[in-house]
Amino acid sequence: MLQVKYARKMSIHATHLNVRPVRAFSDNYIWLIEAPCGHDQVVAVDPGEAAPVMTELQRSGASLAAILLTHHHPDHVGGVPELLRHWAVPVIGPDDTRIAQRTLTVHDGERCELAELGLCFETLAVPGHTLSHIAFWGHGALFCGDTLFSAGCGRMFEGTPTQMNASLTKLRSLPPDTRMFCGHEYTAANLRFALTVDPHNGGALEYQSRVAAVRAQGNPSLPSTLALEIRVNPFLRCDDPTVVRAAEAHAGRSLQDPAEVFGVLRAWKDQFR
Ligand code: ZN
Ligand code: FE
């Protein structure tokens, strides 16, 4: 049985991770992280469905070594009971009683080491989409569930604009070359909104044509990078004068701080078609 332990002083390994997407439902991604030290072992992030994971494990001959969960929503945890029937593995997730299958709880700032797999992630609390939402960061990769999407962000179901803006600001402060693996393929729709807020954003225009080409071939637009997101994602630029002006024009009033700008943008996006 795999040992899971906390390592206070262990560094976040620089090892580049191979990460495979598994599609679930209409637009979810379950990420399978290939263990750098395991023999054909993978870690599944947010397995909302078991069947596509089982199919990919059978196809590749890999075995499941652990499950990481970012938040309690069924499209992220729904496949866990079925996967546990086949693989007795640790289930690592946030402190939330709504995640019944969790075997190990991780808190903000804690490092979670999967020693035998050569994996180590730092846990980041990112409340907003849900109050207990966490992200896993390590090896130059970020698994951020439904907090940050490419060119957008998750809906604010449980948190406040101040909380969610702080969470996104925390993610923005990670190294720019961090590869961002989020929970849904929403990039094209998000870019339509991003370009409504910021129509002259050259990076977003260029990204839009690149995403259209990639999606036309049936490939994921992900992972993205934080550097790209900082350029194109209005939700990461709530302190940028262009984004502030657009939010103020939409709200018809002046806005005092980035959290208020975030609140206006999020409500605007909720209505956007
Ligand atoms: Zn969710
Ligand atoms: Fe989701």
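Above this text sits the structure in question.
The model shown is predicted, which means the values in this text are computed figures rather than measured ones.

J.: Would you mind going over the packing of helix 4 (residues 161-172) against helix 9 (residues 258-271) with me for this structure?
T.: When two helices pack together, their arrangement is given by the angle between the helix axes and by the axis-to-axis distance. The N-to-C vectors of helix 4 and helix 9 enclose an angle of 100°; their axes lie 8 Å apart at closest approach. Of the possible angle classes, the one that applies to helix 4 and helix 9 is roughly perpendicular. Contacts between helix 4 and helix 9 involve P161, T162, M164, N165 and L168 on the former and, on the latter, P258, A259, F262 and G263. Within the contact of helix 4 with helix 9, the residues separate by chemical class into 6 nonpolar, 3 polar and no charged.

J.: Please clarify how the sheet that holds strand 3 (residues 28-34) should be interpreted in this entry.
T.: Strand pairing in a sheet is mediated by backbone hydrogen bonds. Such pairs are either parallel or antiparallel. What the 6 strands build is an open sheet, ordered 2-3-4-5-6-7; its pairing is mixed. Of all the strands in the sheet, just strand 2 (19-24) and strand 7 (104-105) have a single pairing partner and so form its edges. As defined by bridge partners, strand 2 adjoins strand 3 across 6 bridges and the pair is classed as antiparallel. Opposite V22, over in strand 3, you have I30 as the bridge partner. Most of the contacts of helix 1 (residues 51-60) go to strand 2, to which it runs at about 135°, and overall it touches strand 2, strand 3, strand 4 (41-45) and strand 5 (63-68).

J.: Any chance you could explain the pattern of salt bridges here in plain terms?
T.: As a working rule, side chains carrying opposite charge can pair if their charged atoms are close by. Throughout the structure, instances matching the rule amount to 16 salt bridges. Of the charged contacts in the structure, one is a salt bridge between E82 and R85, with a shortest N-O distance of 2.9 Å. With E82 and R85 both in helix 3 (residues 80-86), this residue pair falls 3 residues apart, about one helical turn. The class for R85 is exposed, based on a relative accessible area of 61%. Shared partners join several salt bridges into a network, and the residues in it are R20, E34, E56 and R59.

J.: Quick question: what am I supposed to make of the coordination of the zinc ion (ligand 1) here?
T.: Each pair of donors in an ideal four-coordinate tetrahedral metal site encloses 109.5 degrees, whereas pairs in an ideal six-coordinate octahedral site enclose 90 or 180 degrees. Those donors, H71 (NE2), H73 (ND1), H129 (NE2) and D146 (OD), are the protein atoms that reach the zinc ion (ligand 1), and they lie 2.2 to 2.3 Å from it. Counting gaps between the donor residues of the zinc ion (ligand 1) yields the pattern H-x1-H-x55-H-x16-D. The two metals, the zinc ion (ligand 1) and the iron ion (ligand 2), are separated by 3.2 Å and share D146 as a common coordinating residue. Here H129, found in the loop between strand 9 (119-125) and strand 10 (134-138), pairs with D146, found in the loop between strand 11 (141-145) and strand 12 (148-149); they are 17 residues apart in sequence, far enough to count as distant. Considered together, H129 and D146 belong to a single accessibility category, that of buried residues.

About the criteria used
- Residues numbered from 1 in each chain as written.
- Chains lettered and ligands numbered in written order.
- Predicted model: local features only at pLDDT ≥ 70, side-chain atom pairs only at ≥ 80, totals over all residues.
- Heavy atoms only, no water.
- Axes fitted to C-alpha atoms, helices over the stretch in contact; angles between N-to-C directions.
- Helix = DSSP H or I, 4+ residues; strand = E, 2+ residues; numbered from the N terminus.
- Parallel < 35°, antiparallel > 145°, perpendicular 65-115°, else oblique.
- Contact = heavy atoms within 4.5 Å.
- Nonpolar A, V, L, I, M, F, W, Y, C, P; charged D, E, K, R; others polar.
- Pairing = 2+ DSSP bridges.
- Salt bridge = Lys/Arg side-chain N within 4 Å of Asp/Glu carboxyl O.
- Buried < 20%, exposed > 50% of the residue type's maximum accessible area, 1.4 Å probe, protein only.
- Donors = N, O, S within 2.8 Å, 3.2 Å for Na, K, Ca; no water.

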